[in-house]
Amino acid sequence: MSNFSAANPNPNKSSEVAQPPTDSVSSLKFSPKANFLVATSWDNQVRCWEITRDGTTMGSVPKASISHDHPVLCSAWKDDGTTVFSGGCDKQVKMWPLLSGGQPVTVAMHDAPIKEVAWVPEMNLLVTGSWDKTIKYWDTRQSNPVHTQQLPDRCYALTVRHPLMVVGTADRNLVVFNLQNPQSHFPENALHLVKPKERSIMQEHSFVHPITRCLNALSFPFTKNSLRSFFNYNAEFKRITSPLKYQTRCVAAFPDQQGFLVGSIEGRVGVHHLDDAQQSKNFTFKCHREGNEIYSVNSLNFHPVHHTFATAGSDGAFNFWDKDSKQRLKAMSRCSQPIPCSAFNNDGSIFVYSVCYDWSKGAENHNPSTAKATIFLHLPQESEVKGKPRVGTNRK
Amino acid sequence: MSCQYGERCKFLHVTQQQPKLNVSGFGAQTNSNFQHTSLQQQKPNPFGFGVQSSSLPNGATDFGSKQNHFKPFENKWTRFSPLTPGNSASRQSDNQAQAANHKCTDPESCKRQIVEDFEHERPIWTLTCYGHCKSAPCDIVGDISYEELRLAAYDDARRGLSLQSIVERERSLLNSKLIEFDNLLCKPYAAPLNSTLAIQRPVSNLDGSSQTAQNNTPPSASSFSQLNVPLSTGFGMRPSTPSNSAFGQSNSFQLSSQTSGAFGTNNSAFGNAGSFGSQLPVQMHGSPFTSNAAGFSQNNMSAGSKAFSLTAASPQINSLANNQLPGLSNVINSTFSAESTMHAQLDKMKNDNFSGDTSIWLKEEWNHGEIPEEAPPDAYI
């Protein structure tokens, strides 16, 4: 085919969601309790649909929407499925109790656009990541953040599976947090900073006294750098540089919290285990490439049941993978526009993805008069999302 | 099937090298569903952004021959086995092995890695950092993400810049970045100043001593210089909501916190606010949903509702709305922003109400019993 022909906008024959946003979609999230879908968009709106399914027939019913004053970049559902958090370029997060028909209220603010938001039910806290290089934790009933965590650079990606939280920032930093580590308690993972004969003292005091009393019980002098190390270990678990070579685009924590995936603009995904003993299981693989064109991986989503995962990219394709057997389970057909975001519903029976321009080729590829966003619903077959055993004799 | 379990066996018994992928039928399926335009007449974009079209370039006709590129896994777990260079079939895995095994012991080999990366691993998106050695600091710093660039474009459009000006501004950014990449390629390789990777990064400049807590080596020498794009009129970006007034609301133009630091906005504006006050009127726009099903309340769709409470916005930010930012100013200047953030936080700490003298935290060493019991403020960490 050498002539320009209209690209198939829906080569995977997915169902289209009704009344999609009027500009690109920045995030898609299903309720953890029901098939309610939320989409945030560059048209400043947060929309909610009810997704219905009758056999293989999908339907979508627009339910409600709210506005921000600027493009909305991220969203998260509360674990009870009643409330949606949305944040973005207005540097705020709104809490929207949509199930009860309540009004949204602002519950978080940063000094720069908020790129990521997550609700952590185990802590009853909201976590926000911003281009102002901080992570903030919020009790939604209070105006001040519970804690502000400095990042090495702007927050680009965030994933939480308590107690594991991984933040990807600009310039390839990946910061791993142990959310169980309260500020004032001595972190087990910092024991190596203490002289061996003092370790038992630290451990003895660790859950009783604030860390500073522990430190005062040690031999001195205690230098500033060591002290900094202690307090930083309190806040962070580990900071690593990405195993990928270019800009981080997305991260996803393993369901078993043993590690995380990281996706970059270079059509590559890194599989990283946290435990030093499991480093040999780390690897990276290429994806979302076409000939010499290397597209970015925009979204990583674990299947809630099978723990396989999907990638979606700027090439307009989405794929399903099994990291344990290192296979690609399914490559879906490329759509005519990039896929900036995607998500599974709570039981993995529905995979939603949006086809719209993600700015991966700059402003010159943006045509405001023809730009449109489509949201598609895909029903994954078992073969696409169920892990396949390794060939050979070794059992998993 | 010779296996004793026959059909019940949980394992795949295959004879081919790449069994799984073919078993799932993906190869055939993808081909049959592939109906994409082949943009043979695409204009190459000299600046690396790809082609000038609204759809992605893809070579439908090439897809079949490039099939191998869609099987990344097949070479992946051979990385531990010795690979014979020169074998074109395993070239990809060669790259993988080299990348995985590269150690920064010899600048020459680092250089080779860089050359190879720039030949085979140049992503479409150019406004990126780069590190040739995985898990090592960046050789090129200064990430700009899609969303950051897009927001800058939307902000510029709101201020009246034409699409052409925006494109030109982006191209300037691109050019600067390409120069950085060229420099890395052409000059002898010098390892970046070792970022402390760890822990001391956030505390770099607090007491005036500059630690080498930087993974952005020569920020002031960065090629991201001030880009003063003269504002021009003419282009109005299509309003994305029916009511366009939202765009004029407040200044959200920040590519990094550096801007907030430069204007003196610091955490104290929000952190010390006693409670949320409603300072900004809420712009409620009509719902874009024309048909509303029952179920959810429709309160939030009534225009003009001011029932929301907002955080107290900093007065400085409000005034920013009236300032004209000269287009895309310093895009990334992390050291500067770090410093200004630190200064901002120092200011905040002076205002914060601490029970004790916080200067204790500025000491270099503490003697037995000197460390206060309360944890130091975040900024000191």
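Quick notes on the rules
Just so you know, the residues in each chain are numbered from 1, in the order the chain's sequence is written. Written order decides the labels, with chains lettered from A and ligands numbered from 1. Only residues with pLDDT of at least 70 are given local features in this predicted model, and only at 80 or more are side-chain atom pairs given and counted; all residues enter the totals for whole chains, interfaces and linings. The side-chain figures draw on all heavy atoms in the structure; neither hydrogens nor water molecules are used. Whenever Lys or Arg places a side-chain nitrogen within 4 Å of a carboxyl oxygen from Asp or Glu, that contact is recorded as a salt bridge. Classification of residues uses two cut-offs on accessible area relative to the type maximum, computed with a 1.4 Å probe and protein chains only: under 20% is buried, over 50% is exposed, and between them is partly exposed. Numbering goes from the N terminus for both helices and strands, where a helix is a DSSP run of H or I of at least four residues and a strand is a run of E of at least two. Given a helix with a known number of residues, its expected span is that number minus one, times 1.5 Å. Every residue pair with non-hydrogen atoms within 4.5 Å of one another is taken to be in contact. Per residue, pLDDT captures the predictor's confidence, and it can take any value from 0 to 100. A pair of strands is treated as paired once DSSP finds two or more bridges between them. Axis definition: a line fitted to C-alpha atoms, limited for helices to the stretch in contact. Angles are taken between N-to-C directions and run from 0 to 180 degrees. For classification, angles of less than 35 degrees are called roughly parallel, those exceeding 145 degrees roughly antiparallel, those between 65 and 115 degrees roughly perpendicular, and all remaining angles oblique. In this classification, the charged set is Asp, Glu, Lys and Arg, the nonpolar set is Ala, Val, Leu, Ile, Met, Phe, Trp, Tyr, Cys and Pro, and all remaining amino acids, among them Gly, are polar. Between rings of Phe, Tyr and Trp, where Trp is taken as its six-membered ring, a pair exists when centres lie within 6.5 Å; planes separated by under 30 degrees are stacked, by over 60 edge-to-face, and by other angles tilted.

Caption draft 1: Seen up close, the pattern of salt bridges. Following the criterion strictly, the structure yields 22 salt bridges over all chains and no others. Among the ionic pairs, Glu-266 of chain A bridges to Arg-268 of chain A, the shortest N-O distance being 3.7 Å. Exposure remark for Arg-268 of chain A: the relative accessible area of 7% places this residue in the buried category. Residues Asp-156 of chain B and Arg-159 of chain B are paired through a salt bridge, measuring 2.8 Å at the closest nitrogen-oxygen approach. Taking the relative accessible area as the measure of exposure, Asp-156 of chain B reaches 0% and is therefore buried. Beyond isolated ion pairs, a larger network of salt bridges with shared partners links Glu-266, Arg-268, Lys-286 and Arg-289 of chain A together with Glu-121 of chain B.

Caption draft 2: A look at helix 7 (residues 163-186) of chain B. Residues and elements named next belong to chain B. Counted at 1.5 Å a residue, the expected span for helix 7 with its 24 residues is 34 Å, and the 34 Å between its end C-alpha atoms agrees. Considered for burial, the residues of helix 7 that qualify are Ser-165, Ile-166, Val-167, Arg-169, Glu-170, Leu-173, Leu-174, Ser-176, Lys-177, Glu-180, Phe-181 and Leu-184. Lining the buried residues of helix 7 we find helix 5 (107-120) and helix 6 (146-158).

Caption draft 3: Representation of the confidence of the model for chain B. All names here are of chain B. Across chain B, the average pLDDT comes to 52, with 24% of residues at or above 70. Per-element averaging of pLDDT across chain B places helix 9 (residues 268-271) at the bottom with 26 and helix 6 at the top with 97. Low pLDDT, under 50, characterises residues 16-99; the predicted model gives this stretch 176 contacts beyond four residues in sequence or across chains. Ignoring residues within four places in sequence, the model shows residues 195-355, a span with pLDDT below 50, making 336 contacts including any to other chains. Confidence metrics for the complex model read pTM 0.64 and ipTM 0.88.

Caption draft 4: Representation of the sheet that holds strand 22 (residues 283-286) of chain A within the structure. Residue and element names in this part refer to chain A. One open sheet holds the four strands; their spatial order is 19-20-21-22, and the pairing between them is antiparallel. The two strands at the open ends of the sheet, each matched to only one other strand, are strand 19 (248-253) and strand 22. The average undirected angle you get between the axes of adjacent strands in this sheet is 20 degrees. By the bridge criterion, five bridges tie strand 20 (residues 259-264) to strand 21 (residues 268-273) in an arrangement that is antiparallel.

Caption draft 5: Molecular detail of the packing of helix 5 of chain B against helix 7 of chain B. Residues and elements named next belong to chain B. Closest axis-to-axis distance for the helix 5/helix 7 pair is 9 Å, and the angle between their directions is 135 degrees. Regarding the angle of helix 5 to helix 7, the classification is oblique. Between helix 5, through Lys-111, Ile-114, Val-115 and Phe-118, and helix 7, the contact on the second element is made entirely by Phe-181, Leu-184, Leu-185 and Cys-186. Classifying every residue of the contact of helix 5 with helix 7 by side-chain character gives seven nonpolar, no polar and one charged.

Caption draft 6: Spotlight on the pairing of strand 21 of chain A. All names here are of chain A. The buried count for strand 21 comes to six of six residues, which makes it a mostly enclosed element. Burial of the side chains of strand 21 extends over both faces: Arg-268, Gly-270 and His-272 are buried on one face and Val-269, Val-271 and His-273 on the other. Hairpin connection of strand 20 to strand 21: three residues between the antiparallel strands, including Gly-267 at a positive phi of 60 degrees. Where strand 21 lies against strand 22, four bridges are found, and the strand directions are antiparallel. Directly across from Gly-270, in strand 22, lies its bridge partner Thr-284.

Caption draft 7: Broad picture of the packing of aromatic side chains. This structure, assessed with the given rule, holds 22 aromatic pairs over all chains. Taken together, a centroid distance of 5.1 Å and an interplanar angle of 45 degrees make the contact between Tyr-246 of chain A and Tyr-130 of chain B tilted. Remark: Tyr-130 of chain B occurs in the loop between helix 5 and helix 6 and Tyr-246 of chain A occurs in the loop between strand 18 (238-241) and strand 19; the pair is interchain, linking two chains. Looking at Tyr-246 of chain A, the relative accessible area reads 1%, which means it is buried. Seen in terms of ring centroids, Phe-320 of chain A and Phe-344 of chain A are 6.2 Å apart; in terms of plane orientation they differ by 45 degrees. Their pairing is tilted. Here Phe-320 of chain A, found in strand 27 (residues 318-322), pairs with Phe-344 of chain A, found in strand 29 (residues 342-344); they are 24 residues apart in sequence, far enough to count as distant. Judged by relative accessible area, Phe-344 of chain A falls into the buried class, the value being 9%. Members of the aromatic cluster, each reached through a chain of ring pairs, are Phe-254, Phe-283, Phe-285, Phe-302, Phe-309 and Trp-321 of chain A.

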